[in-house]
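Inside the fold
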Amino acid sequence: MVDFSEYGVNDDMEFCRWLTREIGLAGVPGSSFFHEPINHLVRFHFAKNDETLLEAGRRLLLLKERQRLKSASDSGGTTAKIPFTPLLLIDRG
């Protein structure tokens, strides 16, 4: 499970929707694994081939870059949009 609270989202369902829409990765909301109200975790499944895993890693790095740009924007810097073509990483092999 991954804690995504540093991205300013406190709803795991919304984060997973955003992650799929904006980054092209599908995650499972962590709240589906707990009885307690835990909404800051997401689970990824990594049973993929190496090429798919490398692409997933590249896309996860986009999260860091977007957070860096947002932080720069929040402190008066300029914002830049990261180009991205949505693609779900589904390994059919």
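For the structure itself, look to the data block above.
Cut-offs used in this document
Residues numbered from 1 in each chain as written. Predicted model: local features only at pLDDT ≥ 70, side-chain atom pairs only at ≥ 80, totals over all residues. Heavy atoms only, no water. Salt bridge = Lys/Arg side-chain N within 4 Å of Asp/Glu carboxyl O. Helix = DSSP H or I, 4+ residues; strand = E, 2+ residues; numbered from the N terminus. Buried < 20%, exposed > 50% of the residue type's maximum accessible area, 1.4 Å probe, protein only. Polar contact = N/O pair within 3.5 Å; in protein donor to acceptor, adjacent residues only side chain to side chain. Patch = residues over 30% accessible without salt bridge, like charges linked within 9 Å, V, L, I, M, F, W, Y side chains within 5 Å. Areas by Shrake-Rupley, 256 points an atom, 1.4 Å probe, with all protein chains shown as cover. Phe/Tyr/Trp six-rings, centres within 6.5 Å; stacked < 30°, edge-to-face > 60°. Axes fitted to C-alpha atoms, helices over the stretch in contact; angles between N-to-C directions. Parallel < 35°, antiparallel > 145°, perpendicular 65-115°, else oblique. Contact = heavy atoms within 4.5 Å. Nonpolar A, V, L, I, M, F, W, Y, C, P; charged D, E, K, R; others polar.

1. Description of the pattern of salt bridges
Counted according to the given criterion, the structure contains four salt bridges. One salt bridge connects Arg 58 with Glu 55, and the closest N-O pair in it is separated by 2.7 Å. Of this pair, Arg 58 and Glu 55 both sit in helix 2 (residues 50-74), three residues apart, which is roughly one turn of that helix. Via salt bridges that share partners, Glu 55, Arg 58 and Arg 59 belong to a single interconnected network.

2. Some details on the side chain of Arg 59
Structurally, Arg 59 is set in helix 2. Overall, the relative accessible area of 3% leaves Arg 59 in the buried class. Among the polar contacts made by the side chain of Arg 59, one reaches the side chain of Glu 55 at a distance of 2.7 Å.

3. Here's the deal with a nonpolar patch on the surface
A surface patch of nonpolar side chains, about 340 Å² in accessible area, is lined by Met 1, Val 28, Phe 33 and Phe 34. With respect to the helices, strands and loops of the structure, Phe 33 is situated in the loop between strand 2 (28-29) and strand 3 (41-43). Under the relative-accessibility criterion, Phe 33 is labelled partly exposed at 44%.

4. Some points on the packing of aromatic side chains
According to the stated counting rule, one finds three aromatic pairs in the structure shown. Ring centres of Phe 4 and Phe 15 lie 4.1 Å apart, and the angle between their planes is 0 degrees; this geometry places the pair in the stacked category. Placement of Phe 4 in the loop between strand 1 (2-3) and helix 1 (12-23) and of Phe 15 in helix 1 is noted, with a sequence separation of 11 residues between them. Of the residues examined, Phe 15 reaches a relative accessible area of 3% and is grouped as buried. An aromatic cluster of three or more residues is present, and its members are Phe 4, Tyr 7, Phe 15 and Trp 18.

5. Structural notes on the packing of helix 1 against helix 2
Two elements in contact, helix 1 and helix 2, have axes separated by 11 Å at closest approach and are oriented at 100 degrees. Taken together, helix 1 and helix 2 sit at an angle that is classed as roughly perpendicular. Between helix 1 and helix 2, the contacting residues are Trp 18, Leu 19, Glu 22 and Ile 23 on the first element and Arg 59, Leu 62, Leu 63 and Arg 66 on the second. When the residues that make up the contact of helix 1 with helix 2 are grouped by side-chain class, the tally is five nonpolar, no polar and three charged.

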